[in-house]
Amino acid sequence: KNQVEQSPQSLIILEGKNCTLQCNYTVSPFSNLRWYKQDTGRGPVSLTIMTFSENTKSNGRYTATLDADTKQSSLHITASQLSDSASYICVVSDSGNTPLVFGKGTRLSVIA
Amino acid sequence: DAGITQSPRHKVTETGTPVTLRCHQTENHRYMYWYRQDPGHGLRLIHYSYGVKDTDKGEVSDGYSVSRSKTEDFLLTLESATSSQTSVYFCAITPDRNTGELFFGEGSRLTVL
């Protein structure tokens, strides 16, 4: 069964610190992996997409990595800000016609 | 921002009553989805559409029906609402189901008493 597991479930960090969120998947065949940010009370918004041939991609203070061999991805947030407080959702797509597979998300709280 | 709106944004209803949620897009995207989001479960697919009058079930479709008579509108209907359907419902659209980014609406919070 295609699954996406995210860890940790929740995380609290001090403003200015770095953090890394993990995503492990069993989706096969793999097409791409997206990280979404969901602010409280809002719909998710895409941060970055990783395809099979990409290892690292940055979007400002967000850096995503992908290891297609071990089926793992991470999202690293540098110099966190209060506005980074949100849920981060990992979503994996296969190359067929099955629906996208969502992780349950990591709830990040950045405190002053 | 993608042109996608959901209505109503908030609704409180009683068990056994019918409820319809509307998703309207101005992007002319082919694919439209309805998800529900609950604590501990994340986003789960209810139904999706890949064109006018073309719909299919997701993983949690029991108790829900959908219709898409126009490209821009995707309706989610709860024929007889139950308390287990209390949730936040999100509509999403994309031009490409495999590689495309999902654009989500703001969500509709439904409470069934």
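Data block above holds the structure.
Residues numbered from 1 in each chain as written. Chains lettered and ligands numbered in written order. Predicted model: local features only at pLDDT ≥ 70, side-chain atom pairs only at ≥ 80, totals over all residues. Heavy atoms only, no water.

> Before we move on, could you go through the nonpolar core and cite the residues and values that matter?
Residues and elements named next belong to chain A. Val4, Tyr25, Leu33, Trp35, Leu75, Tyr88 and Val92 are the most contacted members of the largest nonpolar core, which has 25 residues in total. At the level of elements, β3 (19-25), β4 (30-38), β5 (45-51), β7 (62-67), β8 (72-77), β9 (86-94) and β11 (106-111) are the ones that each hand at least two residues to this core. Residue contacts for valine 92: discarding those within four places in its chain leaves Val4, Tyr25, Val27, Phe30, Asn32, Leu33, Leu100 and Val101. (Core = buried A, V, L, I, M, F, W, Y, C linked by side-chain atoms within 4.5 Å. Buried < 20%, exposed > 50% of the residue type's maximum accessible area, 1.4 Å probe, protein only. Helix = DSSP H or I, 4+ residues; strand = E, 2+ residues; numbered from the N terminus. Contact = heavy atoms within 4.5 Å.)

> Kindly report on the state of the cysteines, identifying the contributing residues and their values.
Residues and elements named next belong to chain A. All chains considered together, the criterion is met by 2 disulfides over all chains. Across a sulfur-sulfur distance of 2.0 Å, cysteine 23 and cysteine 90 are joined as a disulfide pair. The sign of the S-S torsion, about -65°, decides the handedness of the disulfide formed by cysteine 23 and cysteine 90: left-handed. On the criterion of sequence distance, the pair formed by cysteine 23 in strand β3 and cysteine 90 in strand β9 is long-range, its members being 67 residues apart. (Disulfide = S-S within 2.5 Å.)

> Now, about empty space enclosed by the protein: what can you tell me, with residues and values included?
Gaps left between atoms show up when a probe the size of a water molecule is rolled over them. Evaluated as defined, the whole model comprises 1 cavity of 30 Å³ or more. In this structure, the largest cavity encloses a volume near 50 Å³. Taken together, Asn32(A), Arg34(A), Tyr36(A), Val91(A), Ser93(A), Leu100(A), Arg97(B), Asn98(B) and Gly100(B) make up the lining of the largest cavity. Among the elements of the structure, β4 and β9 of chain A are those that each provide at least two residues to the lining of the largest cavity. In terms of residue count, β4(A) provides more of the lining of the largest cavity than any other element does, 3 residues in total. The residue makeup of the lining of the largest cavity, split by class, is 3 nonpolar, 4 polar and 2 charged. (1 Å grid on protein atoms, 1.4 Å probe; cavity = no way out; pocket = protein on both sides within 12 Å on 5 of 7 lines; lining within 4 Å. Points joined across faces, edges and corners; volume = space filled by probe spheres on them. Nonpolar A, V, L, I, M, F, W, Y, C, P; charged D, E, K, R; others polar.)

> Would you mind going over the environment of Pro8(B) in detail, with residue names and values included?
Residue and element names in this part refer to chain B. Residue position: proline 8 is located in the loop between β1 (4-7) and β2 (10-13). Given a relative accessible area of 29%, proline 8 falls into the partly exposed group. Excluding its chain neighbours within four sequence positions, the residues that come into contact with proline 8 are Thr20, Leu21 and Ser108.

> I'd love a proper account of the packing of aromatic side chains, names of residues and values included.
All names here are of chain B. The final tally for this structure, using the stated rule, is 10 aromatic pairs over all chains. Between tyrosine 35 and phenylalanine 104 the ring centres are 6.0 Å apart and the planes differ by 45°, which places this aromatic pair in the tilted class. Within this pair, whereas tyrosine 35 is found in strand β4 (residues 31-38), its partner phenylalanine 104 is found in strand β10 (residues 103-104), the two being separated by 69 residues in sequence. (Phe/Tyr/Trp six-rings, centres within 6.5 Å; stacked < 30°, edge-to-face > 60°.)

> Give me the lowdown on the layout of surface pockets, citing residues and values where you can.
Computed from the structure, the largest pocket encloses a volume of approximately 1200 Å³. Surrounding the largest pocket, 43 residues form its lining, Gly103(A), Lys104(A), His41(B), Gly42(B) and Leu43(B) being those nearest its centre. Of all elements in the fold, only β1 (4-7), β9, β10 (101-102) and β11 of chain A together with β4, β5 (42-51), β9 (87-94) and β11 (108-112) of chain B reach the threshold of two or more residues within the lining of the largest pocket. Here the lining of the largest pocket is built from residues that sort into 11 nonpolar, 19 polar and 13 charged.

> Could you give me a rundown of the pattern of salt bridges, with the residues and numbers involved?
Residue and element names in this part refer to chain B. Counting across every chain of the model gives 8 salt bridges over all chains. Between arginine 22 and aspartate 73 there is a salt bridge, and its shortest N-O distance comes to 3.1 Å. Separated by 51 residues along the polypeptide, arginine 22 in strand β3 (residues 19-25) and aspartate 73 in strand β8 (residues 73-78) bring together distant segments of the chain. For aspartate 73, a relative accessible area of 8% puts it in the buried group. One salt bridge in this structure joins arginine 44 and aspartate 38, with 2.9 Å as the shortest N-O distance. Of the two residues, arginine 44 and aspartate 38, neither departs from the other in class, the shared state being buried. (Salt bridge = Lys/Arg side-chain N within 4 Å of Asp/Glu carboxyl O.)

Scope: geometric values only; no functional claims are made or implied.
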